[in-house]
Amino acid sequence: MVEAFLLLMGMWFMIAVAIGLRRQSAAPVDGAASWMAAAYAEPHELVQVNATSFPEADLEYYDRARRELELEGLRWLGDLEDLSLSRLSPETRTFMRVFADGMIRGAVYHVRPRGMVVLLQTVLRIPRELRVIELVTEIRGQFLSTSNTHNLERLELPPEVVSERLPASTPLAKVVARHGERIAEHLRAHPEQIPETFENMAEVLASVARGNEALGRFWRDRSGGQGRARGERPRPDQSEGAVED
């Protein structure tokens, strides 16, 4: 749930620009940076939800994903909605089914846009529906992310996120296997580094918050410090009222 959030935010930013909710700047990257910085200026509000509250969701996909991931050793911890993202774009509201297995935290989700968004998907080259799995391992502030989002990326990832994107058609078991290979590769290269472990939802949410903090810092830097998080002090080269020589 690092790249997953960024994927959705990028899609929602493009939609917002297209329908005139956000005025694009001269440089698209600058416009995205300021919007993303504002979106991550405060911690995201994540709450546990009941899947039946999402009539547009493909619940068969969620249940199938749960069965397949449990066969791979991941435990289902619960279903979460990011209310911060839902407020930005209620037309693409969804929930994430959250899993964990020691060094791995993961989420699957389905997005089926509604309303005006559907009319824009062909123009914006956004798939009609997204069925996403993302697995994350956190190691010393770095996030190894493996997902099935190849060719779906909309915005740049921060350097803390080391992502590998597989084709959307990749079976869930192969995504899990590839993520395990990446963990092993990283630990062979850095045996002194110990990954975070995830045994419950609180530990998963703490890691998600750290990932969101990395996203916020990245986009605030890209936007020139706009949208600074509450309580965050400016860096020495970005002090309030600083004037360049």
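Just so you know, these numbers come straight off a predicted model, no measurement behind them.

Draft legend 1. Here's a closer look at the confidence of the model for the chain. In this model, the chain carries an average pLDDT of 81, and 73% of its residues clear a pLDDT of 70 or more. The low-confidence segment residues 22-29, where pLDDT is below 50, has 11 contacts with residues more than four positions distant or belonging to other chains. pLDDT under 50 marks residues 231-245. Its contacts with residues more than four places away, or in other chains, come to 10 contacts.

Draft legend 2. Looking closely at the pattern of salt bridges. The full count for this structure, using the stated rule, is 15 salt bridges. The salt bridge partner of aspartate 58 is arginine 131, with a shortest N-O separation of 2.9 Å. Placement of aspartate 58 in the loop between β1 (46-48) and α3 (59-71) and of arginine 131 in strand β5 (residues 130-139) is noted, with a sequence separation of 73 residues between them. Overall, the relative accessible area of 34% leaves arginine 131 in the partly exposed class. One network of salt bridges, with partners in common, ties together Glu164, Arg178, Glu181, Arg182 and Glu185.

Draft legend 3. Structural context of the nonpolar core. Counting 55 residues, the largest nonpolar core has Met1, Phe5, Met36, Leu69, Val108, Val204 and Trp219 as the members making the most contacts within it. Among the elements that line this core, the one with the most residues is helix α7 (residues 201-222), at six residues. Valine 108 has contacts with Tyr61, Tyr62, Ala65, Leu69, Phe95, Met96, Arg97, Phe99, Val132 and Ile133, leaving out every residue within four places of it along the chain.

Draft legend 4. Local environment of helix α6 (residues 172-189). For α6, built from 18 residues, the straight-helix expectation of 26 Å at 1.5 Å per residue is met to within 8% by its first-to-last C-alpha distance of 26 Å. Buried residues in α6 make contact with α3, β4 (104-111), β5, β6 (142-147) and β7 (161-165).

Draft legend 5. Seen up close, the packing of aromatic side chains. Summed over all chains, the structure comprises four aromatic pairs. Consider the rings of phenylalanine 218 and tryptophan 219, whose centres lie 5.1 Å apart with planes at 80°: the pair is edge-to-face. The same class applies to phenylalanine 218 as to tryptophan 219, namely buried. Within the aromatic cluster, the residues linked to one another by ring pairs are Phe54, Tyr61, Tyr62 and Phe95.

Draft legend 6. Just the environment of alanine 209, in detail. Along the chain, the position of alanine 209 falls in helix α7. For alanine 209, a relative accessible area of 35% puts it in the partly exposed group. A C-alpha to C-alpha distance of 9.7 Å links alanine 209 and methionine 1, two positions 208 residues apart in sequence.

Draft legend 7. A look at the environment of arginine 105. Structurally, arginine 105 is set in strand β4. Exposure remark for arginine 105: the relative accessible area of 1% places this residue in the buried category. Between the C-alpha atom of arginine 105 and that of valine 208, which follows or precedes it by 103 residues, the distance is 9.4 Å. With near-sequence residues (within four places) excluded, arginine 105 lies in contact with Met1, Val2, Phe99, Ala100, Glu134, Leu135, Val136, Phe143, Phe198, Val204, Ser207 and Val208. Separated by 2.9 Å, the side chains of arginine 105 and serine 207 make a polar contact.

Draft legend 8. How the structure looks around the environment of leucine 77. Checked against the element boundaries, leucine 77 lands in strand β2 (residues 75-82). For the pair leucine 77 and arginine 105, spaced 28 residues apart in sequence, the C-alpha separation works out to 9.9 Å. Once you skip the residues sitting within four places of it in the chain, leucine 77 turns out to touch Gln48, Val98, Phe99, Ala100, Glu199, Asn200, Met201 and Val204.

Draft legend 9. Molecular detail of the side chain of histidine 179. Note that histidine 179 resides in helix α6. Leave out the neighbours within four places in its chain, and histidine 179 touches Ile104, Leu135, Val136, Thr137, Leu144 and Thr146.

Draft legend 10. Seen up close, α3. End to end, α3 covers 18 Å across 13 residues, agreeing with the expected 18 Å (1.5 Å per residue, within 8%). Among the residues making up α3, those that are buried are Tyr61, Tyr62, Ala65 and Leu69. Along the axis of α3, the buried positions cluster into a sector of 95°, meaning they face one direction only. In α3, the exposed positions angled more than 90 degrees off the buried face are occupied by Glu60, Arg67 and Leu71. Where the residues of α3 are buried, they touch β3 (96-101), β4, β5 and α6. Once α3 ends, the next one or two residues include glycine 73, with phi positive near 100°.

How each quantity is defined
- Residues numbered from 1 in each chain as written.
- Predicted model: local features only at pLDDT ≥ 70, side-chain atom pairs only at ≥ 80, totals over all residues.
- Heavy atoms only, no water.
- pLDDT = per-residue confidence, 0-100.
- Contact = heavy atoms within 4.5 Å.
- Salt bridge = Lys/Arg side-chain N within 4 Å of Asp/Glu carboxyl O.
- Helix = DSSP H or I, 4+ residues; strand = E, 2+ residues; numbered from the N terminus.
- Buried < 20%, exposed > 50% of the residue type's maximum accessible area, 1.4 Å probe, protein only.
- Core = buried A, V, L, I, M, F, W, Y, C linked by side-chain atoms within 4.5 Å.
- Expected span 1.5 Å × (residues − 1).
- Phe/Tyr/Trp six-rings, centres within 6.5 Å; stacked < 30°, edge-to-face > 60°.
- Polar contact = N/O pair within 3.5 Å; in protein donor to acceptor, adjacent residues only side chain to side chain.
- Arc of directions from axis to C-beta.

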